[in-house]
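Breakdown of the fold
What follows is the residue order along each chain.
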Amino acid sequence: MKKTTGYRRVGNTSVAIKPTKADHSFNFLVDFFLAVLLVIIAVPLWSTITLSFRPNDYIGNNLQGMFLAPWNWSFAAYKALLGNQGFILAFKNSILILIGGVATSLLLTIPLAYVLSITTLPGRKFLNLLIVVPYVFNVGMIPSYLLVTHLGLIDHLAAIFLPGAISTYNCLIMRSFFEGLPNELKESARIDGATEIQVLIRVILPLSKAIIMTIGLFYGVSFWNDFFHAMLYLNDNSLQPLPILLRNILMASGMNEYVEVNAFGDAPIAAIKAASVFMSAIPMVIAYPFIQKYFTKGTLLGSVKG
Amino acid sequence: MKKHCTSRIGMATVVLLLSLSLFAQGTKEEVKAAGPTSVELWYGAAITEAGPPPADWVGFKVIKDKLNIDLKLTALPSNENDQDVKIQAAAAANNLPDLFMVRRDVLSRLVPQGLVAPVDDLYAKMPVRTADHYDAVSQNHARINGKSYGLADPGSINMNEGLLIRKDWLDNLGLAVPTTTDELLAVMRAFTFNDPDKNGKNDTWGYGAFQEINNFEAWPGRRLEPLFGAFGVDGTWSLKESEAGLNVLKGEFYDAMVFLKKIVDEGIMDPNWLSYKKDDFRAAWKQGRFGIMREQNAAFAAQANYAPFDKNFPEGNWIVIDPPKGPTGKASIGPYTANYRIYAISAKAAKEGKADKIAALLEWMASDEGYYLLGWGVEGVNYTKDADGIPVAKGLADPNLAFSAPGGQTVTQLRNMVFYNGDIELYARYPLYVTETSKKEMSALTVMREMQTKAWTAQIGSDTLPIPNADLKRFYEQGLSEFITGKRVLNPANWAKWIDEFKKLGGQEWNDKGVAFAKENNLLTR
């Protein structure tokens, strides 16, 4: 098949444009750059994956370990992780935080963004200012801790997502998206007697799948990875989510100096660390391809008036 | 349409509110009434990645029945910085738990705020525990403004590292154990160039190390301290009254640098030492890359850790040796400090009259019942005792519940609160075993005991001295490594110039602050 750099119209027909030397050079540079990028991303990923499969009696450096034959791989780390009650419990807590967090955040962000997108809203500028100011000037850890304490949320999973349920950044993206929707649609619904809530639910939301999925993904990733708030607000260890356990596993580097086995049995701790990193990333890795099509569309549309 | 829509929103709101109850699994504040005293304890977990003791842990019941205490446990984060953040946030909200583990520098910030209660009068109320855990050094460790504000339990074992050499390589080459720096150099050269493992390849080096740096063991760090100890400048500081201050400012430090540079320039140290991480270093000695190293007793001799080396080199034989003597006869494996885990009582708990209850709890932990229950679990379930009365993980109905197995580790999470490095726990931790391939009898405890007989430099409290700011630290580490790697020429003139620059950048101030701190806290020795 002949290579082309594009087509131009001649009368009613499209004619292929023959690539020049400069096009070839440019394409080569782009390909080279992408190949380097691929290596930069793939090597650490592959290193982590192979590390997670290393057997306990493996000795050798990381480079050699990356080329360990698959028939020498050990599944001990995954077996140990999946058989560990603490890991299962932490995974469950993370899922609860993810679901609760995304649902709460979307339920609060969508109406707020919609209200702010209505140009006729009295005091709209002032309301926008109220929302943007805390985005620029962060309230800090101690006041947040005091707030959570006084709300009685210490040792509640809701403490992880409720205080930060609305992200200003996400809200502004969503507001821009709503502003970009044709005003005529809203007007016609209003003329038909719809209230603002009905306009939002019946007219706006069906057109906003892309932005909802995108913002939902943003929220999901941040709640899934949230270590700090869980560390701060959850004293009951049975409520701790995956990032806390992951951190504890990753911190267990000096363990082999003191005990014969680790909490995960015979699997080497380096393999356990790598396997836990890999497994904790799996839900997000699975979610991304399904949401990716909305993701690009949603962020681009949101940026038009951003 | 309007009605339909409103009801949908109403439903969604109700679902959201109801779902919040899903997350409300936490504990509510205790209703104060006649009944057990609630004691909230934030502890340092023994095995950070294992879970907390289960809700039906027998310890909760025993403590309630015997002491009338309702114990609530929270494992602190595994990372010290995270621990500090959690404690400081709770302190800012006046929400500190009754009893909590805390680092000394955080404690010293909490005390002036009146958030921590003094514990001086508690020692007498805990005679057994005080005898085992709190000697004079311990009681002094958390002393601030003349009062003890923390119960300092013994931490990790001191002097549990040693200088090791491949005896089989020495024998292959007909060499004796080196006792001086000159002899050490000769052995390193032979290990590098004379094929000590007789495999016909030029694949070995004399010394192996990696950069392991901390507050009291600055660059080049712990693994090279035996070399610097030969010049009397091991560790970041000298705490001798007559010469107190930063070692880097002493003339002998330059001599030690010249010695290290010679080793590096001759290529008789594993060249990867600047890039090795701990795990790489440990993989390297198990692969037979070098024949002299400083290593920790269990990392070297515990069964699982020694097994790969045993498999690779059944004839291999590491022995613990004395640190080499330098030109003036000085020798040291390196500096050691006294490690403590400080437990503090919040002022709030003391005001609520809980201090005596906490003392009773800690004293019970030091009793035989508490010691074994928290240290190893339930006899017959989590451990059995051997003929010498040492807890062992043998003869159990469910081996997974053994104190050392994944299923049993959660019930021993508080063991650091009862262990004091006594013989029973050391025998249990480091049992005697026979290696699988070479059938050698080994014990990490025997190795440790031998390591402890070697020359060390006592620097109690040096880990609590002021640390430099990030820029000065970088200048220090980068400068020294550049001298060794040849990016800077190491000669007296360049060295003096670099030291001047170091002092100007804040090195002199760091030195003076450290000396003043050491004097204030009685850390200087004669």
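Calculation notes
Residues numbered from 1 in each chain as written. Chains lettered and ligands numbered in written order. Predicted model: local features only at pLDDT ≥ 70, side-chain atom pairs only at ≥ 80, totals over all residues. Heavy atoms only, no water. Pairing = 2+ DSSP bridges. Helix = DSSP H or I, 4+ residues; strand = E, 2+ residues; numbered from the N terminus. Axes fitted to C-alpha atoms, helices over the stretch in contact; angles between N-to-C directions. Parallel < 35°, antiparallel > 145°, perpendicular 65-115°, else oblique. Left-handed = near helix turned anticlockwise from the far one by under 90°. Contact = heavy atoms within 4.5 Å. Salt bridge = Lys/Arg side-chain N within 4 Å of Asp/Glu carboxyl O. Buried < 20%, exposed > 50% of the residue type's maximum accessible area, 1.4 Å probe, protein only. pLDDT = per-residue confidence, 0-100. Patch = residues over 30% accessible without salt bridge, like charges linked within 9 Å, V, L, I, M, F, W, Y side chains within 5 Å. Areas by Shrake-Rupley, 256 points an atom, 1.4 Å probe, with all protein chains shown as cover. Expected span 1.5 Å × (residues − 1).

Turning next to the sheet that holds strand β13 (residues 318–321) of chain B. Residues and elements named next belong to chain B. Strand order across the open sheet formed by 4 strands is β9-β12-β8-β13, with mixed pairing between neighbours. With one partner strand each, in any of the chains shown, β9 (205–207) and β13 form the two edges of the open sheet. Sheet twist, expressed as the average angle between the axes of neighbouring strands with direction ignored, equals 35°. Bridging between strand β8 (residues 161–166) and strand β12 (residues 290–296) involves 5 bridges; their strand directions are antiparallel. Note on β12: the bridge partner recorded for E161 is Q296.

All names here are of chain B. At a minimum axis distance of 10 Å, the contact between helix α19 (residues 470–485) and helix α20 (residues 492–520) shows a crossing angle of 165°. Judged by the inter-axis angle, α19 sits roughly antiparallel to α20. Note that α19 runs across α20; the crossing there is left-handed. Of the residues in α20, those in contact with L472, F475, Y476, G479, L480 and F483 of α19 are N494, W495, W498, E501, F502, L505, G506, G507 and W510.

Residues and elements named next belong to chain B. The final tally for this structure, using the stated rule, is 37 salt bridges over all chains. Between K72 and D70 there is a salt bridge whose closest N-O contact spans 3.4 Å. On the basis of relative accessibility, which here comes to 23%, the residue K72 falls in the partly exposed class. Exposure remark for D70: the relative accessible area of 17% places this residue in the buried category. The residue E161 makes a salt bridge to R222 at a minimum N-O spacing of 3.5 Å. Taken together, the residues span a long stretch of sequence, with E161 in strand β8 and R222 in the loop between β9 and α9 (225–229) at a distance of 61 residues. Here R222 falls in the buried class, since its relative accessible area comes to 19%. Here the salt bridges share partners, and the residues they tie into one network are E161, E212, E217, R222, R223, K278, R282, R294 and E295.

Predicted coordinates in regions of low pLDDT should not be interpreted in detail. On average, chain B scores 90 in pLDDT, and the residues at 70 or more come to 94%. Contacts from residues 24–32 of chain B, a stretch scored under 50 in pLDDT, to residues over four places away or in other chains number 14 contacts.

Take the environment of V62(B) next. Residues and elements named next belong to chain B. Looking at the secondary structure, you find V62 in helix α2 (residues 58–67). Taking C-alpha positions, V62 is 26 Å from D121, a pair spaced 59 residues apart along the chain. When sequence neighbours within four positions are dropped, the list of residues in contact with V62 reads L67, W364, E369 and L373.

The subject of this paragraph is a nonpolar patch on the surface. Taken together, the side chains of F26(A), F28(A), L29(A), V30(A), F32(A), F33(A), L34(A), V36(A), L37(A), I40(A) and I41(A) present a nonpolar region at the surface, about 1100 Å² in accessible area. Relative to the helices and strands, I41(A) resides in helix α1 (residues 21–52).

Three or four residues apart is the spacing at which side chains of an α-helix point the same way, because the helix has 3.6 residues per turn. For helix α8 (residues 168–180) of chain A, built from 13 residues, the straight-helix expectation of 18 Å at 1.5 Å per residue is met to within 8% by its first-to-last C-alpha distance of 18 Å. Within α8(A), the full set of buried residues consists of T168(A), N170(A), C171(A), L172(A), I173(A), M174(A), R175(A), S176(A), F177(A), F178(A) and E179(A).

Attention shifts here to the confidence of the model for chain A. Residues and elements named next belong to chain A. When pLDDT is averaged along chain A, the result is 84; 86% of the residues meet or exceed 70. Taken together, the stretch residues 254–262 has pLDDT below 50 and engages in 31 contacts with residues farther than four places along the chain or on a different chain. Per-residue pLDDT stays below 50 along residues 302–306; that stretch engages in 6 contacts with residues further than four places along the chain or on separate chains.

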